[in-house]
Number of protein chains: 2
Amino acid sequence: MSGVTSRLKDVAALAGVSIRTVSNVVSGSGAVAEHTRVKVQAALDELGYRPNVAARNLRAGRTGLIGLAIPELHSPYFSELAGLLVQAAQQRSWTVVIDQTFGDADAERRLLEGTGGRVVDGLIISPWALSPEDLAAHARGVPLVFLGERSPGGLADRVAVDNVPAADEATTHLLGLGRRRIAALGLQPHLHNGTARQRHEGYTAALRRAGIAPDPALERTVATLHREDGYAAMSALLDEGVEVDAVFAFSDELALGALHCAHQRGLRVPGDLAVVGFDGIDDARWAHPALTTVVPDKRQITERALQCLADRIYSPAPAVPPQDIVVPHRLEIRASTVG
Amino acid sequence: MSGVTSRLKDVAALAGVSIRTVSNVVSGSGAVAEHTRVKVQAALDELGYRPNVAARNLRAGRTGLIGLAIPELHSPYFSELAGLLVQAAQQRSWTVVIDQTFGDADAERRLLEGTGGRVVDGLIISPWALSPEDLAAHARGVPLVFLGERSPGGLADRVAVDNVPAADEATTHLLGLGRRRIAALGLQPHLHNGTARQRHEGYTAALRRAGIAPDPALERTVATLHREDGYAAMSALLDEGVEVDAVFAFSDELALGALHCAHQRGLRVPGDLAVVGFDGIDDARWAHPALTTVVPDKRQITERALQCLADRIYSPAPAVPPQDIVVPHRLEIRASTVG
DNA sequence: GACGTGGAATGCAACGTTGCATCATGGAGT
DNA sequence: ACTCCATGATGCAACGTTGCATTCCACGTC
């Protein structure tokens, strides 16, 4: 009732039983006679007992916390993912602690090592700046799940969409609309991140299958995946006078930036320029025109990632080999390609 | 170095000193001779000692966690706010735990009471469904900061922008452009949330000052503040044939939904319809056309809120009276009103 | 009537840390 | 030479909880 915290000791005193018995009632373990249980429960309610998490954790050797390490929370893709994860984790009585790495390699390294950070029972990380080798070198004892990036040498579980076919599908969709000058927007050769590489691979595969030779002038590098970068890359492309009738952006944010640029230049979308994004963020649906995008099943990403953690945290068994989990995606076709 | 956790005991054994001395070195407290300090530090490094948070918390009676309770993480405004808060909290060695209430009154009540949830040292809550009376009735012993909603009876600190003048400013901007049929989009009479009421108040005040009588047909109610709701409200408005030359939406998401609708109907923005939003989310800048919006200083919101918590958590003093902190805002004028 | 049985309740100890009080040591002061 | 003191190092206890082992009691059985 009141805000004052009461301990097992207080409840025990009020109920006239031992601390241990109260503990049994609270945890539901051990044998407790019905009338005792009722009596203790009454005392619990009266004092508004709430277990001390720190003490429990100390005893259990767990914190009940799992970490989510993402480049940044304000990016729609990650905030949507984080929101789902927080929700899903709650159902498993876990609390999510979100860390932002801002694409900083040191920050990612620090989190993997656990230095300076709060101790978590497990960590779900969406690596960005670290190479697979780095990832392997700095992983700590805590159960780990990688999002997107595959871990080398079977270091940890990994959950991701199948980037190559997904990118292929998106590109093929544009090809099917008769587009031949399709820009690939979002290469990041300076990062060791494999995601961009895989999407590029799918893009190239689709072109080749259609008998089109990839044109380096159409492949644009970006520093990050923000709208600004998409805007800048699109602007440069147009400034250079490169002929282009479609854009496959490696993220929705990039696509939205490119879209903004197209509008500014007076290009009609999809008439003059068809645009496809990747991530299936909410904004995509409400853009003008609504953005065609590859939508990963985010709910499944969070569910599977948690399941991986649960398996490793709760089973002291001789760990099963790291799993590589592929979650489904679908190409959601909207007005930015089929007006 | 390795993933195995080592305790003060282990370090002490390796360094050949007592546990207490190691503790002194780690915490920097107490008197420790230089050569001892060096020796212990070496042992600490060698074993890669990391303090056990649970034990510390248990001893200190604090968890080092603060809660952030928001309606939903995937809304841009809240994800931007959360991102900033996580960052700012890190500097104060706090860890943020995010709870989503999804606008559910029960969820908000539960968080205020702390039932079932993890125990936090402080809670920053952005109330949505609860009335001020509810908020007062259910608050618990933990330091509390309200975002947006004023707490009644001096229950807790509150950080917010000054909604009435801000809304007034936005409306006045539209009036200054010669608009006379300005829709107010975002009323929520079914909620006890005061934010919408205040923005409506500012809107009305501006109209009256301009000698315009508020027209009920221009004031639109929404269920939530999502793009869908803005789209629906705008659609209804146009379907009813209400004459309108501008929209002041109480959130950017609503504005973006309305914008989407305007595009669909072939309205030119800002030619036929000028649009102003509220919140200053990132998307607003990249919409087509870029959205004029009231931008609250989000960084200051998080900073001030944390400062409030810090003051209450760390000062055992006879608490200062609850503060009502107003953070600055600015009207960012973009192409959706001045094309 | 003694004994075994099993359910119910309890006591002890430990998880890893830190506040407080105590103890050891060596140098300065008388 | 003896005391005094400052500095450095240590031991004890406690934070609130739970695993394990024990005790207690009532009941049924031989």
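Presented here is a report on the structure given in the accompanying data block. (Residues numbered from 1 in each chain as written. Chains lettered and ligands numbered in written order. Predicted model: local features only at pLDDT ≥ 70, side-chain atom pairs only at ≥ 80, totals over all residues.)

## Overview of the protein's contact with DNA strand C
The full set close to DNA strand C counts 25 residues, and Ser18, Ala31 and Thr36 of chain A together with Leu8 and Asn52 of chain B are the nearest of them. Broken down by secondary-structure element, the contributors of at least two residues to the surface near DNA strand C are α2 (19–27) and α4 (53–60) of chain A together with α2 (19–27) and α4 (53–60) of chain B. When residues in the surface near DNA strand C are grouped by element, the largest group, 5 residues, is from α2 of chain B. In terms of residue class, the surface near DNA strand C is made up of 11 nonpolar, 8 polar and 6 charged. (Near = placed C-beta within 6 Å. Helix = DSSP H or I, 4+ residues; strand = E, 2+ residues; numbered from the N terminus. Nonpolar A, V, L, I, M, F, W, Y, C, P; charged D, E, K, R; others polar.)

## So, the sheet that holds strand β9 (residues 274–278) of chain A
Residues and elements named next belong to chain A. The 6 strands lie next to each other as β7-β6-β8-β9-β10-β12, forming an open sheet whose pairing is mixed. In this open sheet, the two strands that pair with only one neighbour each are β7 (219–221) and β12 (329–332). This sheet shows a mean twist of 15° between the axes of neighbouring strands, independent of strand direction. Direction of pairing for strand β8 (residues 246–249) relative to β9: parallel, over a ladder of 3 bridges. Its bridge partner being in β9, valine 247 is matched across the sheet by valine 275. Against the sheet, helix α9 (residues 194–209) touches β6 (182–187), β8 and β9, its axis set at about 165° to β6. Taken strand by strand, helix α11 (residues 252–264) contacts β6, β8, β9 and β10 (292–296), and its axis lies near 155° from that of β9. (Pairing = 2+ DSSP bridges. Axes fitted to C-alpha atoms, helices over the stretch in contact; angles between N-to-C directions. Contact = placed C-beta atoms within 7 Å.)

## Section: the pairing of strand β4 (residues 144–147) of chain B
Residues and elements named next belong to chain B. Burial along β4 is two-sided: Leu144 and Phe146 facing one way and Val145 and Leu147 facing the other are all buried. Bridge count between strand β3 (residues 122–125) and β4: 3 bridges; the pairing is parallel. Its bridge partner lying in β4, leucine 123 is registered against leucine 144. With 3 bridges joining them, β4 and strand β5 (residues 157–161) adopt parallel strand pairing. Each bridged residue has a counterpart across the sheet, and for leucine 147 the counterpart in β5 is valine 159. (Buried ≥ 20, exposed ≤ 12 C-beta atoms within 10 Å, placed from the backbone.)

## Quick notes on the nonpolar core
If you look at the biggest cluster of nonpolar residues, it comprises 168 residues, and the most contacted ones within it are Ala258 of chain A together with Ala258 of chain B. In contact with alanine 258 of chain A, other than residues within four places in its own chain, are Leu185, Gly230, Tyr231, Met234, Val247, Ala249 and Val275 of chain A. (Core = buried A, V, L, I, M, F, W, Y, C linked by C-beta atoms within 7 Å.)

## Description of the packing of α2 of chain B against helix α3 (residues 34–47) of chain B
When two helices pack together, their arrangement is captured by the angle between the axes and the distance separating the axes. Residue and element names in this part refer to chain B. Axis separation between α2 and α3 bottoms out at 10 Å; the angle between their running directions is 90°. One finds that α2 runs roughly perpendicular with respect to α3. Contact residues: Thr21, Val22 and Val25 in α2; Thr36, Arg37, Val40 and Gln41 in α3. For the contact of α2 with α3, the class distribution of residues is 3 nonpolar, 3 polar and 1 charged. (Parallel < 35°, antiparallel > 145°, perpendicular 65-115°, else oblique.)

## Things to note about the protein's contact with DNA strand D
Residues in close proximity to DNA strand D total 25 residues, the closest being Leu8 and Asn52 of chain A together with Ser18, Ala31 and Thr36 of chain B. Of all the elements in the fold, those that place two or more residues in the surface near DNA strand D are α2 and α4 of chain A together with α2 and α4 of chain B. Its residues placed into classes, the surface near DNA strand D shows 11 nonpolar, 8 polar and 6 charged.

## A closer look at the environment of proline 289 of chain A
All names here are of chain A. Mapped onto the secondary structure, proline 289 falls in the loop between α12 (282–286) and β10. Residue proline 289 is classed as buried on the basis of its C-beta count, with 20 C-beta atoms lying within 10 Å. Between the alpha carbons of proline 289 and arginine 334 there is a distance of 8.0 Å; along the sequence they are 45 residues apart. Ignoring anything within four residues of it in the chain, the contact list for proline 289 reads Val269, Ala335, Ser336 and Gly339.

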